[in-house]
Amino acid sequence: MSLRKDFLWGGATAANQVEGGYLEGNKGLSIIDVVPAGKDRVAVKKGKMRMLECDEQHFYPSHEAIDFYHHYKEDIALLAEMGFKCYRFSIAWTRIFPNGDDLQPNEEGLKFYDRVLDECLKYGIEPLVTITHFDVPVHLVKTVGSWRSRKMVDYYEKLCETIFTRYKEQVKYWLTFNEINMLLHLPFSSSGLVFEEGENEEAVKYQAAHHQLVASAKATEIAHRINPKFKIGCMLAGASTYPYTCDPEDIWKAMGRDREHYFFVDVQSRGEYPNYAKKMFERMNISIKMEDGDEELLRNNTVDFVSFSYYGSRLTSADPEKNTQTAANLFPTLRNPYLKTSEWGWQIDPLGLRITLNTLYDRYQKPLFIVENGLGAIDTPDENGYIEDDYRIDYIREHIKAFKVAVEEDGIDLLGYTTWGCIDLVSASTGEMSKRYGFIYVDRDDTGKGTMKRSKKKSFDWYKKVISSNGEELE
Ligand code: BG6
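Because the structure is predicted, anything quoted here is derived from the model rather than measured.

*Asks:* Tell me about the overall build of the protein, and please be specific about residues and values.
*Replies:* Counting its regular elements, the protein contains 15 helices and 16 strands. Here the C-alpha atoms of the protein give a radius of gyration of 21 Å, agreeing with the 23 Å that 2.2 N^0.38 yields for 475 residues. Based on the C-alpha atoms only, the size of the protein along its principal axes is roughly 60 × 55 × 50 Å. Within the protein, the fraction of its 475 residues that count as buried is 61%. In the protein, the share of contacts with a sequence separation of at least 24, taken over all contacts with a separation of at least 6, comes to 75%. Charged side chains of the protein number 60 positive and 74 negative; the gap between the two group centres comes to 2 Å.

Structure follows, in structure tokens:
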């Protein structure tokens, strides 16, 4: 078995990290628009610091981002030049419903995505649309407390109904929530949750998770009604957790860590709350408020495919003495002595991708889609402004090799591969521009200065060759 002939090679971005034009075309304020760069960023993202307005003291990278809002034609033309078969992007909720609870959608916002989709289809690029990528209208945070409220299910349903109807001829692949498990780690920037002093944060998060799981199932139901050919996927911040040693205590700890993540996909893909989660809620004294019909809805509307991001594996130990913490997309992990890390401390583990693919396929038996992978690195242009990003090529090459083996040797059903940040964009964790993932360089720095000029890096031509050979030519 080799890669499918129609394998969806491409790249991925998110509205809040590329579009800019944060109040243009009647767009409303989204949660990411009030997340500043700099020292307050982490506290705001975690929901520990309430900041629902912009002020003069802070810099907000999403306000202009890379100005895809005005450059989309040029940018999609470059993706097409690389031979992209697929482009994953997200729709900004606040372009469609500026406040989230508006009675009518905003036509200007809908038209913007009409144009983006037309541009993709003109080049034969299959759109893969994330319905929400770290995106909630600020108005809904203020009025109902975001996903802690059941009302969000209705607002989300309306968003889905609107975009599914409008784009039913142009789009086939949809993702309901980007990295749904991120809700547990970055409750504000992923889901708009802000906590009150002394409240049971875990209870709030899991109730919000229930609302998102119900909303995801509703989206699946609506999608299949509007167009039975739609394919709906869930999206997990993926990666297997390794035990630090063969001590069974470590193995058990690692299994628990993985379950924290798989819990979401277990519901979205298998259609019911797993017993281990019910028991965990009992131990944590959490009772999830469900409405009549929720269980049936979840059971009857499981996803068509499972998508995930993968940057590197995670490591855990049962021994509290082991104190070698490193960063991994804000998930706690120990430092694995066998692995190299990126400049931001993310551990690089291509074999881990094969392991994750196998684990997910064994668990769900559904087609998989790698919708994010890549290396955030500092790029330094030479005297001609050219970037020789061999480090990025090496990283992506090794990960492509790993998923090819998973398909060829392990029989994994893989729909496609979209690298993260195919064009440089604002980093979600740090708000920096200097953490670059792209094949296309964008002249803009961490403070918002630069010409926004786009240029091709060495990896641009390399990836083009990879795509045209369907992954055969990797050197
Ligand atoms: C994922 C997100 O968590 O990782 C993206 O879905 C994000 O939005 C990506 O950008 C890479 O993370 P970072 O922090 O390097 O931008």
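Having seen the model, we can carry on.
*Asks:* Account for the site of the ligand, naming residues and giving values.
*Replies:* Close to the ligand lie 16 residues; Gln17, Glu179, Ala428, Ser429 and Tyr437 are nearest. Relative to its unbound accessible surface of 380 Å², the ligand loses 99% to contact with the protein. Partitioned by chemical class, the residues of the shell around the ligand number seven nonpolar, six polar and three charged.

*Asks:* Please give an account of the layout of surface pockets that cites residues and values.
*Replies:* The computed volume of the largest pocket comes to approximately 240 Å³. Every residue lining the largest pocket is listed: Trp252, Gly256, Arg257, Arg259, Glu260, Phe263, Tyr276, Lys279, Met280 and Arg283. Sorting the residues of the lining of the largest pocket by element identifies helix H10 (248-270) and helix H11 (275-283) as the ones contributing at least two each. Ranked by the residues each element gives to the lining of the largest pocket, the list is headed by H10, at six residues. Of the residues that constitute the lining of the largest pocket, the class distribution is four nonpolar, one polar and five charged.

*Asks:* An account of the packing of H10 against H11 is needed here, citing residue identities and associated values.
*Replies:* Interhelical geometry of H10 versus H11 gives an angle of 120 degrees and a closest axis separation of 10 Å. In terms of axis orientation, H10 runs oblique to H11. In the crossing of H10 with H11, the sense of the turn from one axis to the other is left-handed. Every residue of H11 that contacts H10 at Arg259, Tyr262, Phe263 and Asp266 is listed here: Tyr276, Ala277 and Phe281. Within the contact of H10 with H11, the residues separate by chemical class into five nonpolar, no polar and two charged.

*Asks:* Lay out the pattern of salt bridges in plain terms, naming residues and giving numbers.
*Replies:* Close approach of charged atoms allows side chains with opposite charge to pair. Going through the model one piece at a time under the given rule, you end up with 36 salt bridges. Residue Arg166 pairs with Asp114 through a salt bridge whose shortest N-O separation is 2.6 Å. Note that Arg166 is positioned in helix H7 (residues 151-166) and Asp114 in helix H5 (residues 107-122), a separation of 52 residues in sequence. Between Glu472 and Lys404 there is a salt bridge, with the nearest N and O atoms lying 3.7 Å from each other. Taken together, the residues Glu472 in the segment after helix H15 (458-468) and Lys404 in helix H14 (residues 390-408) connect sequence positions 68 residues apart.

*Asks:* I'd like a rundown of the sheet that holds strand S1 (residues 8-12), residues and numbers included.
*Replies:* Strand order in this closed barrel of eight strands is S1-S2-S3-S4-S5-S7-S13-S14, and the pairing throughout is parallel. For this sheet, the mean inter-axis angle between neighbouring strands, taken without regard to orientation, is 25 degrees. Bridge analysis of strand S4 (residues 173-177) against strand S5 (residues 231-237) gives three bridges, and the strand direction is parallel. Bridged to Trp174 within S5 is Ile232. H7 rests against strand S3 (126-132) and S4 of the sheet, and its axis sits at about 160 degrees to S3.

*Asks:* Which residues make up the packing of aromatic side chains, and what values go with them?
*Replies:* A full pass over the atoms with the stated rule returns 33 aromatic pairs. Centre to centre, the rings of Phe112 and Tyr113 are 4.9 Å apart; their planes meet at 70 degrees, and the pair counts as edge-to-face. With centroids separated by 6.0 Å and ring planes inclined at 90 degrees, the aromatic side chains of Phe263 and Phe281 adopt a geometry described as edge-to-face. Highlighted residues: Phe263 in helix H10 and Phe281 in helix H11, separated in sequence by 18 residues. Accessibility classification places Phe263 together with Phe281 in one group, the buried group. What links up through ring pairs into an aromatic cluster is the set Phe7, Trp9, Phe84, Phe403, Tyr417, Phe439, Trp462 and Tyr463. A cation sits over an aromatic face here: Arg95 above Phe112, 5.5 Å from the ring centre. The ring of Trp346 has Lys435 lying over it, and the distance from NZ or CZ to the ring centre is 3.7 Å.

*Asks:* Talk me through unusual backbone geometry; I want residue IDs and the actual numbers.
*Replies:* Positive phi is not limited to glycine here, since Asn26 has a value of about 65 degrees. Counting through the fold element by element, Asn26 comes out in the loop between helix H1 (15-18) and helix H2 (41-45). Residue classification places Asn26 among the partly exposed positions, given a relative accessible area of 48%. The backbone of Phe134 sits at a positive phi, close to 50 degrees, despite the residue not being glycine. By the element assignment, Phe134 lies in the loop between S3 and helix H6 (138-144).

*Asks:* Could you give me a rundown of the nonpolar core, with the residues and numbers involved?
*Replies:* Counting residues in hydrophobic clusters, the biggest one holds 141 residues, and the most contacted among them are Trp147, Phe164 and Phe403. No other element matches helix H9 (residues 201-226), which puts twelve residues into this core. Not counting residues up to four positions away in its chain, the partners in contact with Trp147 are Trp93, Val136, Met152, Val153, Tyr156, Phe177, Ser191, Leu193, Ala208, His211, Gln212 and Ala215. Among the nonpolar cores identified, the runner-up in size contains ten residues, and Cys86, Tyr173, Leu175 and Met235 belong to it.

*Asks:* Could you give an account of the pairing of strand S7 (residues 305-309), with specific residues and numbers?
*Replies:* Summarising burial for S7: five of the five residues are buried, a large majority. Looking at chain direction, S5 and S7 are connected through five bridges and run parallel. Across the sheet, Met235 pairs through a bridge with Ser307, a residue of S7. Pairing analysis gives four bridges linking S7 to strand S13 (residues 368-372), with the strands arranged parallel. Note that in S13 the partner of Ser309 across the bridge is Glu372.

Analysis parameters
- Residues numbered from 1 in each chain as written.
- Predicted model: local features only at pLDDT ≥ 70, side-chain atom pairs only at ≥ 80, totals over all residues.
- Heavy atoms only, no water.
- Helix = DSSP H or I, 4+ residues; strand = E, 2+ residues; numbered from the N terminus.
- Rg over C-alpha atoms; globule rule 2.2 N^0.38 Å.
- Buried < 20%, exposed > 50% of the residue type's maximum accessible area, 1.4 Å probe, protein only.
- Contact = heavy atoms within 4.5 Å.
- Lys, Arg positive; Asp, Glu negative; His and termini not counted.
- Charge placed at Lys NZ, Arg CZ, Asp CG, Glu CD.
- Near = heavy atom within 4 Å.
- Areas by Shrake-Rupley, 256 points an atom, 1.4 Å probe, with all protein chains shown as cover.
- Nonpolar A, V, L, I, M, F, W, Y, C, P; charged D, E, K, R; others polar.
- 1 Å grid on protein atoms, 1.4 Å probe; cavity = no way out; pocket = protein on both sides within 12 Å on 5 of 7 lines; lining within 4 Å.
- Points joined across faces, edges and corners; volume = space filled by probe spheres on them.
- Axes fitted to C-alpha atoms, helices over the stretch in contact; angles between N-to-C directions.
- Parallel < 35°, antiparallel > 145°, perpendicular 65-115°, else oblique.
- Left-handed = near helix turned anticlockwise from the far one by under 90°.
- Salt bridge = Lys/Arg side-chain N within 4 Å of Asp/Glu carboxyl O.
- Pairing = 2+ DSSP bridges.
- Phe/Tyr/Trp six-rings, centres within 6.5 Å; stacked < 30°, edge-to-face > 60°.
- Lys NZ or Arg CZ within 6 Å of the ring centre and 35° of its normal.
- Core = buried A, V, L, I, M, F, W, Y, C linked by side-chain atoms within 4.5 Å.

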